[in-house]
Amino acid sequence: MARTFKNFVDGEWIPAESGATLENRNPADTTDLIGRFPLSGRADIRRAARSAMQGFRLWSRVPGPARGDVLRRVGDLLTARKEMLADAMTREMGKVLAETRGDVQEAIDTAYYAATEGRRLFGHTVPSELPSKWAMTYRRPIGVAGLITPFNFPLAIPTWKMFPALLCGNAVILKPSEDVPHTSHLLVETLLEAGLPPQVIQLVHGGEEAGRALVEHPDVGVISFTGSTATGSSIGETCGRMHKRLSLEMGGKNAMIVHEDADLDLALDGVLWGAFGTTGQRCTATSRLLLHRKVHDRFLARLSDAASGLVLGDGRSAKTQVGPLIHADARDKVERYVAVGQEQGAELVLGGARPRSRRLKAGWFYRPTILAGVTSKHRVAREEIFGPVLSVIRYSTMRDAIRIANAVPYGLSSSLYTQDVNLSFRAMEELDTGITYINAPTIGAEAHLPFGGIKQTGNGHREGGWEVFDFYAETKVCYVDYSGTLQRAQIDNYDD
Ligand code: UN1
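This section reports on the structure supplied with the text.

How each quantity is defined
Residues numbered from 1 in each chain as written. Predicted model: local features only at pLDDT ≥ 70, side-chain atom pairs only at ≥ 80, totals over all residues. Heavy atoms only, no water. Helix = DSSP H or I, 4+ residues; strand = E, 2+ residues; numbered from the N terminus. Buried < 20%, exposed > 50% of the residue type's maximum accessible area, 1.4 Å probe, protein only. Contact = heavy atoms within 4.5 Å. Areas by Shrake-Rupley, 256 points an atom, 1.4 Å probe, with all protein chains shown as cover. Lys, Arg positive; Asp, Glu negative; His and termini not counted. Charge placed at Lys NZ, Arg CZ, Asp CG, Glu CD. Near = heavy atom within 4 Å. Polar contact = N/O pair within 3.5 Å; in protein donor to acceptor, adjacent residues only side chain to side chain. Domains from an automatic or database assignment.

1. Quick notes on the overall build of the protein
- Along its length, the protein carries 14 helices and 22 strands.
- Buried residues in the protein amount to 55% of all 496 residues.
- Considering only contacts in the protein between residues 6 or more positions apart, those separated by 24 or more positions represent 74%.
- Roughly 20,600 Å² of accessible area belongs to the protein as shown, and the carbon and sulfur atoms make up 50% of that amount.
- One way to put it: in the protein the 58 positive side-chain charges average out to a point 3 Å from where the 57 negative ones average out.

Structure (structure tokens):
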């Protein structure tokens, strides 16, 4: 019998008010039912928000270093549970264990980084223009943060939003993707064991209805969302109307440029990892490969050969290199794009089909796929596919390569393989993305650096690093005048 899990609301594990549930199944083997989780609605969010407001009042008075101590204990517990969490995560979303271990590690790194930030949270002390007067800033928490997170990094993404939000003194309502509820359940258990006061964290499972209710709730002052650009835009409209602070992290169409002087062995390892790691289900996935015409044929042949040898399977088996897609709709979408690519004139070099092996029949598998002869006009060069599909584009000069790399609506990540230091710096300057890698693929962001994109990928904010702490806090300015007289700024010092 599969277990029925609950929300964590108002300090208790409780079902959705409607009693409705959704099933969580292993995408590598859909006969494996992990459990049933609440399918929550507006009433559940209302209750969570009421409790979170109380949690906020309590937590915001706890000193920053003490909030950091709780997060350090969270980091310790995540470290002790790394293997268990990685296994649970692979079971519910399919990527291989090496990657889910990395996902847990990113959460651990974020916890320890946030823990130390509790002893900084710097404000500024600035000279006043008037004598006997001080001017300074400090950070105040905002209130209740609503976090809406995707399936592809079930621990890293919720925690890189949640830990900074908590450290700054906010309470959190987490609405994780309905495809990965189990990891969030395990995370919240860990937070509570580490000593986080119960009302400071609320976990509400569900889909669109719960997400919308969270965004629309008037007491939820700050929203952070990672997911599709379409959903992000609609969240943006609501938050704009309601004057909420909002961080959006959305699609990508990331290019790797392999120049004529590149170390091709290195670039080959990079593109295999960038394009087919996580089965291509990363915002940062390498989904376009720009090959200089002098290396194009040679590199493509080697790539196709290497990618054809990638082993598909259950991510919990040591031999597996590429896991399944997350669900049937994701695989249908990949299939549609591969068909559209070919209709528009791309050449199918590898894959383009489900695997035939009986062993893989019960999961949402799709073979690593390479489309060549792609141009910037093709939809497969412009739209996010979120699957193991790589579009290969030929170019002649670095100027062309940068123009092609920039000719998409998104701007998350980019990469260049070259030995030429001048070209590297030119590319860093000219590639219109939030992140550029030199001699590394488009993935591999580290927890202590800002993460995010430009154009339709984001809305100007960054996750991670030191910048995210600005997002979850309001700046308060305090002036203290101890002169005992009325001093008028802009006037008394400049009277003529
Ligand atoms: C994502 O691509 O959805 O950059 C997030 C990386 C990870 C985070 C990626 N640390 O590889």
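Don't stop here, the text continues.
2. Some details on unusual backbone geometry
- One non-glycine residue, H243, adopts positive backbone phi at about 55 degrees.
- Note on placement: H243 falls in the loop between α8 (229-242) and β12 (245-249).
- Residue H243 is classed as exposed on the basis of its relative accessible area, which comes to 73%.
- A positive phi angle is found at F386, which is not glycine, with a value near 60 degrees.
- With respect to the secondary-structure elements, F386 resides in the loop between β16 (369-372) and β17 (389-395).

3. Here's the deal with the site of the ligand
- The environment of the ligand is made up of E106, N152, F153, W160, R282, C283, T284, I443, G444, A445 and F451.
- Here C283 contributes a backbone N or O atom positioned 3.1 Å from an oxygen atom of the ligand.
- Measuring from an oxygen atom of the ligand, one finds a side-chain N or O atom of T284 at 2.6 Å.
- For the ligand, the protein covers 97% of the area, taking 320 Å² as the surface of the free molecule.
- The two domains that each donate at least three residues to the shell around the ligand are domain 1 (3-250 + 458-477) and domain 2 (254-438).

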